[in-house]
Structures are given as C-alpha cells and as structure tokens.
Amino acid sequence: MAVREILKMGDPRLLRVAQPVREFDTPALHALVQDLFDTMRAANGAGLAAPQIGVDLAVVIFGFARNERYPEAPPVPETVLINPQIEPLGDEEEEGWEGCLSVPGLRGVVPRFARIRYSGFDVQGRRIEREAEGFHARVVQHECDHLIGKLYPMRVRDFTRFGFTSVLFPGLDASADD
C-alpha cells in the first residue's frame, strides 16, 4: 500500500485520544493496517499506532523477529491490536530504554508494568487476549500510550537518563531512530 509520514512530537494530533473502531473487516481498515505495517517496516520500528500517521483510530501494530533499533530485544509476535485494553498483572515495574519514531534521535528510561494482560480485536473483529512480560509488554504499553495522547517522554521520571541516541548509544546507528 503506502509508507506514510510519521508525525513528530509537537504535532497536536499526537496528543488526542483516539476513537474506537466501530466496523471491522472493511477495505479501509485493511488498507490502514497495511499502511501501518509498510510504514513501521520502512522505519525499522518495533510498533506503530494509527495516530502516529495522523489517523484518529484505536489501532496499533507491533512485532518483529529481530529489530535493528533494539538489537538485544527478543522476538515479539507480529500483532494487529484494535480497541486495546491493558491490565497490569501486579504492581511490579521494570525500567527500560525506549525510543519512538515520533521522537526521532532520542531515547529515555521509562518505567512500565513488568507483566500485563492485553486484549482487543484483530482486523476481522476476532477477540485477542494475551499475557506478556518484558520487552513484549513494554512495546504494547508504549504503542497503546499513543492512543491516549501520551508520548514516552511524558513517562520519563529521571531526565539524567534521557538524551540523544548518538550520545547514549554510540554503537547504534542513530539514523535508525529517525
């Protein structure tokens, strides 16, 4: 389909609360999901939310076998998640480095729930329910934050651990965060 422009932090569309999807298995929804995957893959992303390409719907995608931007991350199953809900499984949080295609060239340490249950629907409207931990749980929480108008810097607690990828991770290709 198409690689779409990814909105950057500062664009007010990234701060809106996304609207729920009301109709499943439509040509428009299939085209949106394909555009999300095309855009995510072109940018070497781990996930992408519809608001990041200017579409005000509660749709996220994520997943990869290997990701250049997070070379130490284990594989995450490729998933389309529509109208998602997240339930923490306990109070335990883990801190981890995050970047975002809408916040190019920067990384920060963000606390996230260590274990979650997430649910929602696939593009055909079939229910999805999974439990996740570690990086998988982090990716889901990060992408779903986009649906409530939050970018990861809004969750950073210690700004001594926030900065430019090229400075913090000189071995990583910083252009991969653009």
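Note that residues are indexed from 1 along each chain, following the sequence as it is written. pLDDT decides what is reported in this predicted model: residues at 70 or higher carry local features, side-chain atom pairs at 80 or more are listed and counted, and totals for whole chains, interfaces and linings draw on all residues regardless. With hydrogens and water stripped out, all remaining heavy atoms of the structure feed into the side-chain values.

> I'd like to hear about the layout of surface pockets, residue by residue, with values.
Roughly 400 Å³ of internal volume is contained in the largest pocket. Ile86, Gln141, Asp145, Ile148 and Arg155 are the residues nearest the centre of the largest pocket, which is lined by 16 residues in total. By definition, any uninterrupted DSSP run of H or I lasting at least four residues is a helix, any uninterrupted run of E lasting at least two residues is a strand, and each is numbered from the N terminus. Within the residue set of the lining of the largest pocket, elements represented by two or more residues are β3 (76-88), β5 (103-113) and α2 (134-145). In this structure, the second largest pocket encloses a volume near 170 Å³. Within this scheme a cavity is a closed region of a 1 Å grid, computed over the protein atoms alone, that accommodates a 1.4 Å probe without allowing it to escape, whereas a pocket is open but has protein on both sides within 12 Å along at least five of seven lines; lining residues each have an atom within 4 Å of a point. Lining the second largest pocket are Arg69, Tyr70, Pro71, Glu72, Ala73, Trp97, Arg107, Phe135, Arg138, Phe169 and Leu172. Grid points are joined across faces, edges and corners, and a volume is the space filled by probe spheres set on the points.

> Would you mind going over the sheet that holds strand β8 (residues 162-164) in detail, with residue names and values included?
Here we have 3 strands laid out as an open sheet, ordered β4-β5-β8, and antiparallel in their pairing. The open sheet has two free edges, formed respectively by β4 (93-100) and β8, since each of these has just one partner strand. The sheet shows a mean angle of 20 degrees between the axes of neighbouring strands, direction not considered. DSSP bridges decide pairing: two strands pair if at least two such bridges lie between them. Sheet topology places β5 next to β8; 3 bridges connect them, and they run antiparallel. Bridge pairing in β8 places Arg107 opposite Gly163. Axis geometry follows a simple rule: fit a line to the C-alpha atoms, using only the stretch in contact for helices, then measure angles between N-to-C directions, giving values from 0 to 180 degrees.

> Provide a residue-level description of the packing of aromatic side chains, including the pertinent values.
Any pair of Phe, Tyr and Trp rings, taking the six-membered ring for Trp, is counted once the centres come within 6.5 Å. Such a pair is stacked with planes under 30 degrees apart, edge-to-face with planes over 60 apart, and tilted for the rest. Per the counting criterion, the structure on display carries 7 aromatic pairs. Both rings, one in Phe24 and one in Phe121, keep their centres 5.5 Å apart while their planes meet at 55 degrees; by these two values the pair is tilted. Pair noted here: Phe24 is in the segment before α1 (27-42) and Phe121 is in strand β6 (residues 115-121), with a separation of 97 residues, a long-range link. With relative accessibility at 25%, the residue Phe121 sits in the partly exposed group. Ring plane angle 85 degrees and centroid distance 5.1 Å describe the contact between Trp97 and Phe169, whose orientation is recorded as edge-to-face. Categorising residues by exposure relies on relative accessible area from a 1.4 Å probe, with only protein chains included: less than 20% of the type maximum marks a residue as buried, more than 50% marks it as exposed, and the intermediate range marks it as partly exposed.

> Explain the pairing of β5 to me, and be specific about the residues and the numbers.
In terms of residue burial, β5 counts as a mostly covered element, since 9 of its 11 residues are buried. By the bridge criterion, 7 bridges tie β4 to β5 in an arrangement that is antiparallel. Paired with Glu98 across the two strands is Gly108, which belongs to β5. Here β4 folds back onto β5, and the loop between the two strands holds 2 residues.

> Can you lay out empty space enclosed by the protein for me, pointing to particular residues and giving the numbers?
Over the atoms rolls a probe the size of a water molecule, and its path tells where empty space is left. Overall, the coordinates contain 1 cavity of 30 Å³ or more when judged by the stated rule. The computed volume of the largest cavity comes to approximately 150 Å³. Taken together, 17 residues make up the lining of the largest cavity; nearest its centre are Ala46, Tyr70, Gly99, His142 and Glu143. Within the residue set of the lining of the largest cavity, elements represented by two or more residues are β4 and α2. In terms of residue count, α2 provides more of the lining of the largest cavity than any other element does, 5 residues in total. Following the grouping adopted for this structure description, the nonpolar residues are Ala, Val, Leu, Ile, Met, Phe, Trp, Tyr, Cys and Pro, the charged ones are Asp, Glu, Lys and Arg, and the polar ones are all others, Gly among them. Among the residues forming the lining of the largest cavity, the class breakdown is 7 nonpolar, 6 polar and 4 charged.

> Lay out the sheet that holds strand β7 (residues 127-133) with the relevant residues and their values.
Strands sit in the order β1-β2-β3-β6-β7 across an open sheet of 5 strands; the sheet is antiparallel. Each edge of the open sheet is held by one strand with a lone partner, namely β1 (47-49) and β7. Geometrically, the sheet is characterised by an average inter-axis angle of 35 degrees between neighbouring strands, direction not taken into account. The strands that α1 touches are β1, β2 (59-64) and β3; relative to β2, the one it contacts most, it runs at about 45 degrees. The contact criterion used is simple: two residues touch if any of their non-hydrogen atoms lie within 4.5 Å.

> Can you tell me about the environment of Pro20, naming the residues and giving the values?
Along the polypeptide, Pro20 turns up in the segment before α1. Judged by relative accessible area, which is 32%, Pro20 ranks as partly exposed. The spatial distance from the C-alpha of Pro20 to the C-alpha of Val59 is 8.2 Å, given a sequence separation of 39 residues. Those residues in contact with Pro20, other than ones at most four positions away along the chain, are Leu57, Ala58 and Asn83.

Such coordinate-based values are descriptive only and should not be taken to indicate function.
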